[in-house]
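# Breakdown of the fold
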Amino acid sequence: MTIAFETIAAPAVALPPATVRSRVTVPLRFPDGYATDAEVLTFHGLADGKEHLLLALGGWEQSSTGPAREEEAPLVRLHSECLTGDVFGSERCDCGPQLREAVEEIAAVGGFLLYLRQEGRGIGLYSKLDAYELQDAGYDTYEANVALGHKEDERDYTAGAQMLAAVGATTVRLLSNNPDKAAQLISLGVDVTAQIPTGVHLSPSNFRYLAAKRDHTAHTLDLPQNGAGSSLVAATSDAVPSPEELLARVDALIPRLRERAEETERLRRLPEDTMAELSAAGVFRILAPKAVGGFGMGMETYATVIRRLAQGCASTAWTVGHLAEHVWMLARWPRQVQQEVFADGPAPMAAATGAPLGAAEKVPGGYSISGTWSFASGVMHSEWALLAAHDGDTRLQCLVPVSELELLDVWHTAGLRGTGSNDLRARSLFVPGYRTLDWSLLAAADNPGSRIHQDPIIHAPVAMLLNMVAPAAALGAAEYAVELFRERMMVRKVKNTAENRQADSPLAQARFSQAYGLLATARLHWEEALRMVSASHERRLPPQTDEERAAYRLSLALSGAASAEAVQLVASGSGGSIHRLAHPLQRIQRDVNVLLNHPTLSIDPILEQAGRGLLGLGITIPSF
């Protein structure tokens, strides 16, 4: 929302003149990788005598020297210094994310960021920390200032108006949620043609702070009602479990997943009881940002949840892996989409498919898409669908309500039957422009959501998580298979043998030890792959080199191959009765066979591309 001020005439105010004291170019780089150059100006003659700074960004010289139209006036933000938020990343306020957002917004169009030495709305750093203590006791941010003997807001923007006058910016567009900033600038002779709100940067710790600004001083902040489960702060009051607590919840589900595995296959989707228990355990919130009520956990917890669930039911593990990943994908979109999809809670259900690509045609207001998309895992439980389509040479991802698509019931398969991975069809379906996004931007570490959320996992490339689901599910299923084989060996009497039980046979002992060793190999490869990517995204390292990508994908593929070999070994040594449809071993074998045909485990193309990467010949498949 932009607030226009065409009808407000700026009065003539004679300000004491300020002059530029120095100017120096400073390269800026933020923790999420965004970088730009700023020309930093200092001044003589500022009214309050403080060392305020003006950062000139983008094409500021052209925008400040008489813009031809009001919409071309320089974009300006008055940003009050906040050591705790700007430097230390405190989530008690929204200052750090606002500063990061403002620099990029201003650099894109040209303008100025005024960094004003007005800590704590002018009361100073120590007093601000004292106010925090009062806020912990129940005061809001304004009441705390008054209780300390200060005004609610002691900031005066005279120096800001002087700085703008010194660079010739007498007509500006103001980037701010605070109506007082616009009012003060206008009273000081600055022509404010429009006020453009910043984003709403919620965290579990700053809702009361932002609500007080909204309710007490009419800041333009679109927040949910306190206690409501909507908008970007849904469920922030819920305690975020530790990874160990979440995994304990998952382990408690495994016996019931095993009991329902046959029902899951028969339904060709997850039973409602299973979905309810998974939701209650919080597994769909693993990767959702904390600001929307998610857990903001990392790759290791996510992958381990899939692996543990597969020890109960591979179809459940596969479905959860993708639905949780798609929540994470939605958190990578721009704010408008996030406000829509997270309106009802922190874990919107969405299927995603890009095979084959649909066709997108540019039309007024958005795109018209057509196509038939296969393998939409989890679609039977989804409200949204993320569909890939091409517009010329550009690959788009289109976000569409499932209710607007035709669902084709085609998922009749030998394995992973419970995933409900049916097809979707659209014919000339209109998709608003804001619900389409260039795939290269969505898939990158620097995606729109990475500028909204601080959770490290949001900065991970899409392929990093996508490639982990099948190997984790295969490993968990193989672990269950070896567990079943061990139990069976201890009681089974094999025909035409002298032993009382299979475990007494030297050949059976050798078979079990071989399966056990294959499982150990699968775990080691899987853990090595996990180590590589966990270290990368948690420290926000540069993108992986071809050699690193090759090593990562190769480790996952070899883990999947070893898992499948272990399953085959125990199945072939378990007798004919395991092939009854009620026996879990035959189901595991079928599920793992299907997993091996997924592109993330299909060994031949992976070996080829990994070989190229490891030899320095260059990976030729961009999505590898």
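Residues numbered from 1 in each chain as written. Predicted model: local features only at pLDDT ≥ 70, side-chain atom pairs only at ≥ 80, totals over all residues. Heavy atoms only, no water.

Overall, mixed pairing links the seven strands, which are arranged β13-β14-β10-β9-β11-β12-β15 in an open sheet. Edge positions in the sheet fall to β13 (406–408) and β15 (436–438), since each of these pairs with one other strand and no more. Here the average twist between neighbouring strands, direction ignored, is 25°. Inspection of the sheet shows strand β9 (residues 350–363) paired to strand β11 (residues 384–391) by six bridges, in the parallel sense. Across the sheet, residue alanine 352 finds its bridge partner in β11, namely leucine 386. (Pairing = 2+ DSSP bridges. Helix = DSSP H or I, 4+ residues; strand = E, 2+ residues; numbered from the N terminus. Axes fitted to C-alpha atoms, helices over the stretch in contact; angles between N-to-C directions.)

Mapping serine 574 onto the fold places it in the loop between α19 (546–572) and α20 (584–596). Taking the C-alpha atoms as reference points, serine 574 and glutamine 502, separated by 72 residues in sequence, lie 9.3 Å from one another.

Moving on: the packing of aromatic side chains. Under the defined criterion, the tally for this structure stands at four aromatic pairs. Ring geometry for phenylalanine 30 against tyrosine 34: centres 6.3 Å apart, planes inclined by 35°, an arrangement best described as tilted. Ring geometry for phenylalanine 375 against tryptophan 411: centres 6.3 Å apart, planes inclined by 90°, an arrangement best described as edge-to-face. One end of the pair, phenylalanine 375, is in strand β10 (residues 366–376); the other, tryptophan 411, is in the loop between β13 and β14 (422–432), and 36 residues separate them in sequence. Given a relative accessible area of 10%, tryptophan 411 falls into the buried group. Taken together, Phe485, Phe512 and Tyr516 form an aromatic cluster joined through their ring pairs. (Phe/Tyr/Trp six-rings, centres within 6.5 Å; stacked < 30°, edge-to-face > 60°. Buried < 20%, exposed > 50% of the residue type's maximum accessible area, 1.4 Å probe, protein only.)

Moving on: the side chain of serine 574. A residue is classified by how much of its surface remains accessible, and serine 574, at 0% relative accessible area, is buried. Only 2.4 Å separates the side chain of serine 574 from the backbone oxygen of valine 570, close enough to count as a polar contact. Among all residues touching serine 574, those that are not within four sequence positions of it are Phe485, Arg488, Arg492 and Leu585. (Polar contact = N/O pair within 3.5 Å; in protein donor to acceptor, adjacent residues only side chain to side chain. Contact = heavy atoms within 4.5 Å.)

This part covers the nonpolar core. In this structure, Leu278, Val283, Met299, Tyr302, Trp328, Leu465 and Tyr552 are the most contacted members of the largest nonpolar core, which totals 99 residues. Per element, the largest residue contribution to this core is 14 residues, and it comes from helix α17 (residues 469–489). Contacts of tryptophan 328, omitting those with residues within four sequence positions, involve Leu287, Ile457, Ile458, Ala460, Pro461, Val462 and Leu465. (Core = buried A, V, L, I, M, F, W, Y, C linked by side-chain atoms within 4.5 Å.)

Turning our attention to unusual backbone geometry. Omega for the peptide link from alanine 355 to proline 356 comes to -10°, which places this bond in the cis form. Examined against the element boundaries, proline 356 turns out to sit in strand β9. Notably, alanine 218 is not glycine yet its phi reads approximately 60°, a positive angle. Within the secondary structure, alanine 218 sits in the loop between α8 (207–217) and α9 (243–259). Positioned with a positive phi, leucine 416 is a non-glycine residue whose angle comes to about 50°. Within the element layout of this structure, leucine 416 appears in the loop between β13 and β14. Relative accessible area serves as the criterion here: at 4%, leucine 416 is assigned to the buried category.

Here we come to the packing of α17 against α20. Geometrically, a packed helix pair is captured by the angle between its two axes and the distance between the axes. For the pair α17 and α20, the least separation of the axes is 10 Å and the interaxial angle reads 155°. On the basis of the axis angle, α17 is roughly antiparallel to α20. As α17 packs across α20, the resulting crossing turns out to be left-handed. Mapping the contact onto sequence places Ala470, Ala473, Ala474, Ala477, Tyr480, Ala481 and Leu484 in α17 and Pro584, Leu585, Ile588, Val592 and Leu595 in α20. Residue composition of the contact of α17 with α20, by class: 12 nonpolar, no polar and no charged. (Parallel < 35°, antiparallel > 145°, perpendicular 65-115°, else oblique. Left-handed = near helix turned anticlockwise from the far one by under 90°. Nonpolar A, V, L, I, M, F, W, Y, C, P; charged D, E, K, R; others polar.)

A few words on the pairing of β14. Relative to β14, β10 runs antiparallel, the two sharing eight bridges. Paired with isoleucine 369 across the two strands is leucine 429, which belongs to β14. Bridge count for β13 against β14 is three bridges, and the pairing is antiparallel. Looking at the pairing, leucine 407 lines up with leucine 424 of β14.

Put simply, the chain has an average pLDDT of 89, and 92% of its residues get 70 or more. pLDDT under 50 marks residues 4–11. Its contacts with residues more than four places away, or in other chains, come to 19 contacts. (pLDDT = per-residue confidence, 0-100.)

What follows is about the pairing of strand β12 (residues 394–401). For β12, the buried fraction is high: six of the eight residues fall into the buried class. Alignment of β11 against β12, held across eight bridges, turns out to be antiparallel. Residue aspartate 391 lies in a different strand from β12, and its bridge partner there is threonine 394. Linkage of β11 to β12, two consecutive antiparallel strands, is achieved through a turn of two residues, within which glycine 392 is found at a positive phi near 65°. Across three bridges, the pairing between β12 and β15 is antiparallel. Looking at the pairing, glutamine 397 lines up with leucine 437 of β15.

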